[in-house]
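Secondary and tertiary structure notes
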Amino acid sequence: NDPLCGVADAHCRPEMKNYYSRAAHTLLDLSLKRGKFAYIFDYFSALCDVLSLKADIGNEIRRAYAAKDNTFLKNAAEKTLPEIKEKIAVFYEKYKKARLAENKSFGFEITQIRLGGLMFRLENCARVIKEYLAGEREEIDSLKSARLPFYASGGAGEDVFAEKYSEIATASIL
């Protein structure tokens, strides 16, 4: 879910941050038991660590933008978004270890492309916020738009299940 475009923001609840934080700690504890499959718990812990910061950041940025809370926006651009990027890099290394332990490398480039794109997008989102704060942009268009439910039938607050990356990467037609 993109921090500025928020395709799934309508479904994110603030308590998800704490849920992912607790899950990260629980999974890390399991990984430390050093069993045969500890590496699986390790990379899932790293993923939950990413999500503990990323899950609701789009809504938080949007609320801060609407409230003209430039302190929050500055912190998001200078600290939170870069920290999410760092956590994604940690997740990538742990996932790579697990992925290559169980599979040949074929197809792994797709994960690299997706995570690389996400990391680049986080950098760009931070840059856009900084430009706005510096007065180089009058507004951030994507933050002015309403966050609609992922499903046409409504479902705000429901979990999102998407089978294709193209369904969740952007609202634009790829």
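This text follows the structure it describes.
Here's a quick rundown of the structure. Computed from a predicted model, the values in this text were never measured in an experiment. Throughout this description, residue numbers start from 1 for each chain and increase along the sequence as written. pLDDT decides what is reported in this predicted model: residues at 70 or higher carry local features, side-chain atom pairs at 80 or more are listed and counted, and totals for whole chains, interfaces and linings draw on all residues regardless. Hydrogen atoms and water are omitted, and side-chain values are computed over all heavy atoms in the structure.

So, on to the overall build of the protein chain. Secondary structure elements follow DSSP: runs of H or I no shorter than four residues count as helices, runs of E no shorter than two count as strands, and numbering proceeds from the N terminus. Within the protein chain, the regular secondary structure consists of 7 helices and 0 strands. Going from the N terminus to the C terminus, the protein chain shows its helices and strands as α-α-α-α-α-α-α. Remark: exposure states derive from per-residue accessible area (1.4 Å probe, protein chains only) relative to the maximum for the residue type, with buried under 20%, exposed over 50%, and partly exposed in between. Looking at the protein chain residue by residue over its 174 residues, the buried ones come to 36%. Any pair of residues with heavy atoms lying within 4.5 Å of one another is described as a contacting pair. Put simply, of all contacts in the protein chain between residues at least 6 apart along the chain, 71% involve residues at least 24 apart. Reported accessibility uses the Shrake-Rupley method at a 1.4 Å probe radius. Residues are deemed covered only where the shown protein chains occlude them. A total accessible area of about 10,700 Å² is found for the protein chain, and carbon and sulfur atoms account for 55% of it.

To continue, consider the packing of aromatic side chains. Ring pairs shown here join Phe, Tyr and Trp side chains whose ring centres sit within 6.5 Å, with only the six-membered ring taken for Trp; geometry is labelled stacked below 30 degrees between planes, edge-to-face above 60, and tilted in between. A complete count under the given rule lists 9 aromatic pairs for this structure. On the basis of an interplanar angle of 25 degrees and a centroid distance of 4.6 Å, the ring pair of tyrosine 43 and phenylalanine 44 is categorised as stacked. Seen in terms of ring centroids, phenylalanine 91 and tyrosine 95 are 5.7 Å apart; in terms of plane orientation they differ by 25 degrees. Their pairing is stacked. Taken as a pair, phenylalanine 91 and tyrosine 95 lie in helix H4 (residues 70-102) at a separation of 4 residues, close to a single helical turn. Here phenylalanine 91 falls in the buried class, since its relative accessible area comes to 10%. Three or more aromatic residues joined by ring pairs make a cluster, and in this case those are Tyr43, Phe44, Phe91, Tyr92, Tyr95 and Phe108.

As a further point, take the side chain of glutamate 60. Secondary-structure assignment places glutamate 60 in helix H3 (residues 57-66). A relative accessible area of 15% places glutamate 60 in the buried class. Non-local contacts of glutamate 60, meaning those with residues more than four positions away in its chain, are made with Lys17 and Phe72.

With the exception of glycine, most residues fall at negative phi, and the peptide bonds are largely trans. Positive phi is not limited to glycine here, since lysine 68 has a value of about 55 degrees. Here lysine 68 shows up in the loop between H3 and H4. The exposure class of lysine 68 is exposed, given its relative accessible area of 63%.

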